[in-house]
Amino acid sequence: MNVCKIFALHVLILLCLTLCCNHINAARIIGFFPTPSKSHTLIHAAIADSLARAGHNVTVIGISKNVYPNAKYKFIEIKLTEAAESHQNVLQNMVKKPKSFYFNLFNFVYSFANTANRTLSHPKMKDFLRRHGAGAFDLVLLGFAANDFAMGLGAHFGCPTIISFVVQPVSSINRLVGNPSESAYVPSWFSELKAPLTFWGRVLSFLVAFYEEWIVLPIVKINMLKIYNYNFPSDRYPPLDEVRKNVSLIFTNHHFSQGPIRPNVPNLIEIGGIQIKEKPDPLPTDIAKVLDESKEGVIYFSLGSNIKGSHLNEEKIKIMFNVISKLPYKVLWKWSPTELPGESKNIIFRDWLPQDDILAHPNVKLFITHGGMGSVVESQYHGVPMVGIPLFGDQPSNMVNVERSGYGLAVDYLTLSEESLNNAIQDVLNNPKYKEAVQTFSRLYRDRPMTPRETVVYWVDYVLRHKGAKHMQSPAVHMNRWQLLSLDVIGFLLAIVLTISVVIVKVCKLICCRGRKNKLPKVEKAKKN
Ligand SMILES: *[C@@H]1O[C@H](CO)[C@@H](O)[C@H](O)[C@H]1NC(C)=O
Ligand SMILES: *[C@@H]1O[C@H](CO)[C@@H](O)[C@H](O)[C@H]1NC(C)=O
Ligand SMILES: *[C@@H]1O[C@H](CO)[C@@H](O)[C@H](O)[C@H]1NC(C)=O
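Residues numbered from 1 in each chain as written. Chains lettered and ligands numbered in written order. Predicted model: local features only at pLDDT ≥ 70, side-chain atom pairs only at ≥ 80, totals over all residues. Heavy atoms only, no water.

In the annotation of an unreviewed UniProt entry, the protein chain is listed under the name UDP-glycosyltransferase UGT5 isoform X1 and assigned to Bactrocera dorsalis. According to the UniProt record, the Sequence similarities (unreviewed entry) comment for the protein chain reads "Belongs to the UDP-glycosyltransferase family." (UniProt positions renumbered as here; feature names shortened; annotations may be inferred.)

Around ligand 1, the structure places R28, N57, A136 and F137. For ligand 1, an oxygen atom lies 3.1 Å from a polar atom in the backbone of A136. Isolated, ligand 1 exposes 360 Å² of accessible area, and the fraction of that covered by the protein chains is 40%. Taken together, the residues that form the shell around ligand 1 break down as two nonpolar, one polar and one charged. (Near = heavy atom within 4 Å. Polar contact = N/O pair within 3.5 Å; in protein donor to acceptor, adjacent residues only side chain to side chain. Areas by Shrake-Rupley, 256 points an atom, 1.4 Å probe, with all protein chains shown as cover. Nonpolar A, V, L, I, M, F, W, Y, C, P; charged D, E, K, R; others polar.)

Another point: the packing of helix α13 (residues 373-382) against helix α16 (residues 432-446). The N-to-C vectors of α13 and α16 enclose an angle of 95°; their axes lie 6 Å apart at closest approach. Classified by the angle their axes make, α13 and α16 are roughly perpendicular. Along the contact surface, α13 presents V377, S379, Q380, Y381 and H382, while α16 presents V438, F441, S442, Y445 and R446. When its residues are assigned to classes, the contact of α13 with α16 shows five nonpolar, four polar and one charged. (Axes fitted to C-alpha atoms, helices over the stretch in contact; angles between N-to-C directions. Helix = DSSP H or I, 4+ residues; strand = E, 2+ residues; numbered from the N terminus. Parallel < 35°, antiparallel > 145°, perpendicular 65-115°, else oblique. Contact = heavy atoms within 4.5 Å.)

An order of β3-β2-β1-β4-β5-β6-β7 is seen for the seven strands of this open sheet, with the pairing classed as parallel. The open sheet has two edge strands with one neighbour each: β3 (74-77) and β7 (268-270). When strand polarity is set aside, the average angle formed by the axes of neighbouring strands in this sheet is 20°. In the sheet, strand β5 (residues 161-165) pairs with strand β6 (residues 247-252) via five bridges, with the strands oriented parallel. Residue pairing across strands places F165 opposite T252, the latter belonging to β6. Taken strand by strand, helix α5 (residues 123-131) contacts β1 (28-33), β2 (57-62) and β3, and its axis lies near 135° from that of β3. (Pairing = 2+ DSSP bridges.)

Within the structure, ligand 2 sits among A155, G158, C159, P160, P238, N246, K467, G468 and K470. Contacts to ligand 2 include G158, whose backbone N or O atom sits 3.4 Å from an oxygen atom. Summarising the interface, the protein chains cover 71% of the accessible area of ligand 2, which totals 360 Å² for the free molecule.

This structure, assessed with the given rule, holds zero disulfides. Counting only cysteine sulfurs, C512 is the nearest neighbor of C508, a cysteine outside any disulfide, at a range of 6.1 Å. Unpaired in terms of disulfides, C513 finds its nearest cysteine sulfur in C512, a separation of 6.8 Å. (Disulfide = S-S within 2.5 Å.)

Pairing in this open sheet of six strands is parallel, and the strands run β10-β9-β8-β11-β12-β13 from one edge to the other. The open sheet terminates on both sides in strands that have one partner only, identified here as β10 (347-350) and β13 (408-410). Sheet twist, expressed as the mean angle between neighbouring strand axes with direction ignored, is 15°. In this sheet, strand β11 (residues 364-369) lies alongside strand β8 (residues 298-302) in parallel orientation, the contact comprising five bridges.

Along the chain, the position of H156 falls in helix α6 (residues 152-157). Taking relative accessible area as the criterion, H156 reaches 12% and is therefore assigned buried. H156 has contacts with L129, H132, G133, A134 and Y237, leaving out every residue within four places of it along the chain. (Buried < 20%, exposed > 50% of the residue type's maximum accessible area, 1.4 Å probe, protein only.)

Next up on the list: the nonpolar core. Ranked by size, the top nonpolar core spans 148 residues in total, and within it F157, F251, W333 and I425 carry the most contacts. A per-element tally of this core places helix α4 (residues 101-120) first, with eight residues. Two domains each donate at least three residues to this core, and these are domain 1 (27-276 + 451-472) and domain 2 (285-446). (Core = buried A, V, L, I, M, F, W, Y, C linked by side-chain atoms within 4.5 Å. Domains from an automatic or database assignment.)

For α5, the set of buried residues is M125, F128 and L129. All buried residues of α5 project into a common sector of 95° when viewed along the axis, lining one side. When the buried face of α5 is taken as reference, the exposed residues oriented beyond 90 degrees from it are P123, R130 and R131. (Arc of directions from axis to C-beta.)

Turning next to the environment of N346. Here N346 shows up in the loop between β9 (330-334) and β10. When the C-alpha positions of N346 and K330 are compared, they lie 4.7 Å apart, and in sequence the two are 16 residues distant. Ignoring any residue separated from it by four or fewer positions in sequence, one finds N346 in contact with I324, S325, L327, Y329, K330 and V331. Among the polar contacts made by the side chain of N346, one reaches the main-chain carbonyl oxygen of I324 at a distance of 3.1 Å. A distance of 3.0 Å separates a polar side-chain atom of N346 from the backbone oxygen of Y329.

The structure is reproduced here in structure tokens:
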């Protein structure tokens, strides 16, 4: 009896201690992900979930349905059906009239910025901000995509801001933390240039960087400022420029093994693959059965979460179906609501498939993909070779990378034919070099001191422990463009050199002239003589 009591007491004390400790360490974190893109949300929400599982009190505000129904964070949905629709229209136009990414850049930026503005100014959000003032949260986690103005939330709650970005750093991200842009050997992610660059490559890379940093960013900034002033009026909030310089840390969903190799400031942390589960979930039984029983291999086909059947051209759909239905393999084809392209014994259509868990299955032989970053990375992580049909945005650039690295082949969507698609599929299926290359990369990509989830938890705790960790910030954040390029210093030194040169020239002239004056009469004398 006594022993029981003592034991119970011990358990009680232990329980109290753990609860108290948890309470002390648990921070109140607000995740704000105002993006219409599901693939972006999957990444930001994976960070939020890691933090919630580590014991923090995490609230997420998003505009689409919660992407992880089993997540440990509290989810608040701000309904913006219109925003989702208009984003779908932007995507549809891009697929129908593909142009270089740079022609679509402003469309993309304004679509994201508009949606974020409508989320921030939504009555439900305004009410939330009224009820949660300064001190209500210890940290803001912002899903970044052309929404600098949302950093006003850090000023609203008076707490540090951490940014989540879905790919390798781009110009706007670099500017926020003073990360060097180094266009000579780090081509912009939006361009299809890959390092190492030739002379002409460097010329192009320089022009692209110039365009992004000196033209696109300043134009976009005007819009950012308007939206910021609307949502965070100057009578109650600091100016946008001050808020932008207050970012504590950036997580980029990228890993150096993917290239390009580049220098990063200490508060830019790579967490590439955060959205990939370290251990796959069990598959739905019917899908598991197909995969387990097809020892010869299964092909997985998906054009991503954003693209629906109705976005594609009918002729192209027919081409894809004709090629796929003739393959001697079972094919799992993710195909959303519209009418099926046809029926075939070897094809299993589903409007949704657990991609990550499927790619983790050892019998998956090939992934036919649109080449979205999320899909490419999952395929690389699981070591599955790819055939890409890139449609828009970063997809062509991602597939150029895949081809160069030997992980698969890309076919052009605009000129897609049964022959081009079939040739690519046959080559990747039958030539073992693709599988070997992607499996070698898979081992490289996974070899890290901490998993992406552990990395996230460590660095968020670090920022919290050190009250925003301002000591990590690069002084470059507080300098302007010409100071960063030392244009003022070069100008100053040139001015000195110029002044000295002018003085020297003047003095020389003076000496020469006097010399000539002295000499001339002699010559004349000599002539006279
Ligand atoms: C979590 O944080 C929110 C926002 O500050 C707060 O309202 C809520 O009570 C917290 N929950 C717990 C369990 O501490
Ligand atoms: C900057 O961040 C600190 C915490 O790191 C916060 O207290 C402050 O309110 C923020 N200031 C602005 C202007 O965002
Ligand atoms: C931001 O949203 C508000 C309210 O929805 C709107 O009045 C304002 O014009 C928007 N700003 C911009 C720059 O789109």
